[in-house]
Structure formats: C-alpha cells, structure tokens
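Remarks on the overall topology
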Amino acid sequence: MIDRYCVFGHPVAHSRSPIIHAAFAEQTGEAIDYTAIEAPLDDFAGAWRAFVAEGGRGANVTVPFKEEAFRLCDTLSRRAQRARAVNTLILGGNGETYGDTTDGVGLVRDLVDHGVALEGARILVLGAGGAVRGVLEPLLATRPASLFVANRTAEKAAELAEDFTDLGDIAGGGFDAVAGPFDVVINGTSASLAGDLPPLPEDLFAAGATAYDMMYGAEPTVFLQWAAERGARCRDGLGMLVEQAAESFFQWRGKRPDTAPVRELLRRSLS
Ligand code: ATR
C-alpha cells in the first residue's frame, strides 16, 4: 500500500500543501499520496485515527487544529513543547504519534537562505498569537542580540516573552514600547488580513534591515508596502510555507527537497 500523508484543516480546500508535497515527491522520486482532509471541528483525534487506519503515515496540521494535534501526541519535539502546537504528525513504528512544529525552522531557513543575518541581529516580532509562539524557539536559537515581541494586547506579548527568557534576550510589550532601530522585523499578526497596519514608529528600520510578513499573497501586504516605502528589504511568507513543508517532508521521508523551484511554482500560481 502506498504511504499516505495529508493536511488536516477546516476549511482546507485553499491549502497549497498538496501541490507542494506532490512537487517534492516528484523531485525526490518518493512514491507517496498526499491529500487535503477537512476534519470535523469536534473530533480531530478521530480524524487522525481514521486516517492512520487507512494507511496514513503522517500529516500536516493547519488552522484550527494545531493545538488539538499537540494534545493528542504521545511524544513531542522540544520546539513543539515550546510552541504548544503541532503542524507535523508522524506515525511511529510502535503506533505512537510523534508531533513536531516546523513553522519556525521554515521561517529561519527562508531568512538565512536569502542572506538575512540573524545571529547578533536586533529582531522585532509583531503579534503574540499562536503563529508567533510557534517561531520563537528557532528564532532564539539563531542567537540574535535581542528579540522584542510587540502586540496590540501588551500583556499577551509580555507573558509570551516570559515563557522564553531562558533561551535568550527576549522581552515583550505593546506597540508603544517599540524602540528601534531593528535589523529584522517580522509581522506575525493577522492584521494584514483586515488590511490593517500595526501602529509603528517611522524610525523602525536600521540601514539594510529586512521586513518579513508571515502572510503572503499575489500583492504585498500592507505591512510590506509600508516597509518598502521606508527602505527595508521585503519578503513575504511564501518561502516559509515551502520551507516548513520541506522540513515535514524530510522528517517523513528522510530526503531534503530542493525548495527553490517549488517556491517559483507557487509564486507563478499566485499571479
Ligand atoms: P494566529 O494563530 O494567526 O497567531 P491568533 O492566535 O488569533 O492567530 O493571533 C492573532 C494575532 O494578530 C494577535 O497577536 C492579535 O493581536 P491581539 O493579541 O491584540 O488580539 C494580532 N492582530 C489581529 N488583528 C490585528 C489588528 N487589526 N491589528 C493589530 N494586531 C492584530
């Protein structure tokens, strides 16, 4: 029986993961089947068990199931424990479920592969929700000089940062506490979805700074437009999407796909 993988979400029809993993499979010669499955909102664990019973070997997990996936795992990677969320499920030989989160490594790899220096950098992360929690451990592992988490709800940022103080120089607060300049500014809020821009000071960016938005689309987000007008080098989250998928694929199949052509494929499909 062919090894089966899937992405669970609700809704999930929009997910690009099947396209990405089909491209990885073709490139690496791995014979896998990868589909999108809309799991019921009230029984994610049941959907995973049913999938395993039908030959499922692993899965990606997207909104709104990442926390529920975390709870059903028998064992977890350290970064998933920190994230309190899982985007990659792996069925072990013993039938146990192992959970990992590859979003943060995906973000870091996309930045580093594009020449963005993180070690020693002054980093600002906007937002304090699940998406940001998921990337803090890998970001701090790059040994930045400092990392500030800014959020509309200041207390959430302060509490989130508090959970990571053992890993590096990290603090959190409201947007009014943002004091630049920064070398790297990462937008992990969902403000772009509403076309909103967090209130940010004009002197946010150091010379040669990079602005990154975890979101992506056919057009630059409001945040990236604002950043480009202020001279920052801009990247959207499409690369992060492909890199997190590549890391999941590596964990399942032991092969590292070449991400550049897949990124191009997706970019073309957006326009
Ligand atoms: P996700 O899983 O995408 O992180 P989330 O946990 O709901 O989703 O978090 C959304 C994040 O975007 C939060 O940091 C939220 O700020 P609050 O904690 O103050 O709610 C932020 N956000 C959403 N809409 C925003 C907006 N219009 N302006 C600024 N921040 C916004």
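Residues numbered from 1 in each chain as written. Predicted model: local features only at pLDDT ≥ 70, side-chain atom pairs only at ≥ 80, totals over all residues.

For the protein, an unreviewed UniProt entry supplies the name Shikimate dehydrogenase (NADP(+)) and the organism Billgrantia gudaonensis. Here is the UniProt Subunit (unreviewed entry) comment for the protein, exactly as written: "Homodimer." The UniProt entry for the protein carries the following text under Pathway (unreviewed entry): "Metabolic intermediate biosynthesis; chorismate biosynthesis; chorismate from D-erythrose 4-phosphate and phosphoenolpyruvate: step 4/7." (UniProt positions renumbered as here; feature names shortened; annotations may be inferred.)

1. Observations concerning helix 9 (residues 238-253)
Here helix 9 contains 16 residues, and its C-alpha end-to-end distance of 22 Å stays within 8% of the 22 Å for a straight helix at 1.5 Å per residue. Across the 16 residues of helix 9, 12 count as buried, placing the element largely inside the fold. Those residues of helix 9 not exposed but buried are Gly-239, Met-240, Leu-241, Val-242, Glu-243, Gln-244, Ala-245, Ala-246, Glu-247, Ser-248, Phe-249 and Trp-252. Gly-254 sits one or two positions beyond helix 9 and adopts a positive phi of about 75°. (Helix = DSSP H or I, 4+ residues; strand = E, 2+ residues; numbered from the N terminus. Expected span 1.5 Å × (residues − 1). Buried ≥ 20, exposed ≤ 12 C-beta atoms within 10 Å, placed from the backbone.)

2. Let's talk about the UniProt feature "domain: Shikimate dehydrogenase substrate binding N-terminal" (unreviewed entry) in the protein
Under the UniProt annotation, the feature "domain: Shikimate dehydrogenase substrate binding N-terminal" (unreviewed entry) is placed at residues 7-89. Secondary structure content for residues 7-89 is 42% helix and 24% strand, and the end C-alpha separation is 10 Å.

3. Examining the site of the ligand
Neighbouring the ligand are 16 residues; Gly-129, Gly-130, Ala-131, Arg-152 and Thr-153 lie closest to it. The dominant element in the shell around the ligand, judged by the number of residues it contributes, is helix 6 (residues 130-141), at three residues. Taken together, the residues of the shell around the ligand sort by class into six nonpolar, seven polar and three charged. (Near = placed C-beta within 6 Å. Nonpolar A, V, L, I, M, F, W, Y, C, P; charged D, E, K, R; others polar.)

4. Some points on the domain arrangement of the protein
Here the protein is described as being made up of domain 1 (3-101 + 240-270) and domain 2 (104-236). For domain 1 versus domain 2, the distance between C-alpha centres works out to 25 Å. In this assembly, 13 residues from domain 1 lie in contact with 15 residues from domain 2. Where the side of domain 1 that touches domain 2 is concerned, the elements lending two or more residues are helix 4 (78-83) and helix 9. When residues of the side of domain 1 that touches domain 2 are assigned to their parent elements, the largest contribution, five residues, is made by helix 9. Looking at the side of domain 1 that touches domain 2 residue by residue, the classes come out as five nonpolar, two polar and six charged. (Domains from an automatic or database assignment. Contact = placed C-beta atoms within 7 Å.)

5. Focus on the packing of helix 5 (residues 103-113) against helix 6
Interhelical geometry of helix 5 versus helix 6 gives an angle of 50° and a closest axis separation of 7 Å. By the criterion of interaxial angle, the relationship of helix 5 to helix 6 is oblique. The crossing of helix 5 and helix 6 is right-handed. Contacts between helix 5 and helix 6 pair Asp-103, Gly-104, Val-105, Leu-107 and Val-108 from the former with Gly-134, Val-135, Glu-137, Pro-138 and Leu-139 from the latter. Among the residues making up the contact of helix 5 with helix 6, the classes are represented as six nonpolar, two polar and two charged. (Axes fitted to C-alpha atoms, helices over the stretch in contact; angles between N-to-C directions. Parallel < 35°, antiparallel > 145°, perpendicular 65-115°, else oblique. Left-handed = near helix turned anticlockwise from the far one by under 90°.)

6. Here we look at the pairing of strand 10 (residues 182-187)
With respect to burial, strand 10 is a largely interior element, six of its six residues being buried. Relative to strand 10, strand 7 (residues 122-126) is paired through four bridges, and the arrangement is parallel. Directly across from Ile-123, in strand 10, lies its bridge partner Val-184. (Pairing = 2+ DSSP bridges.)

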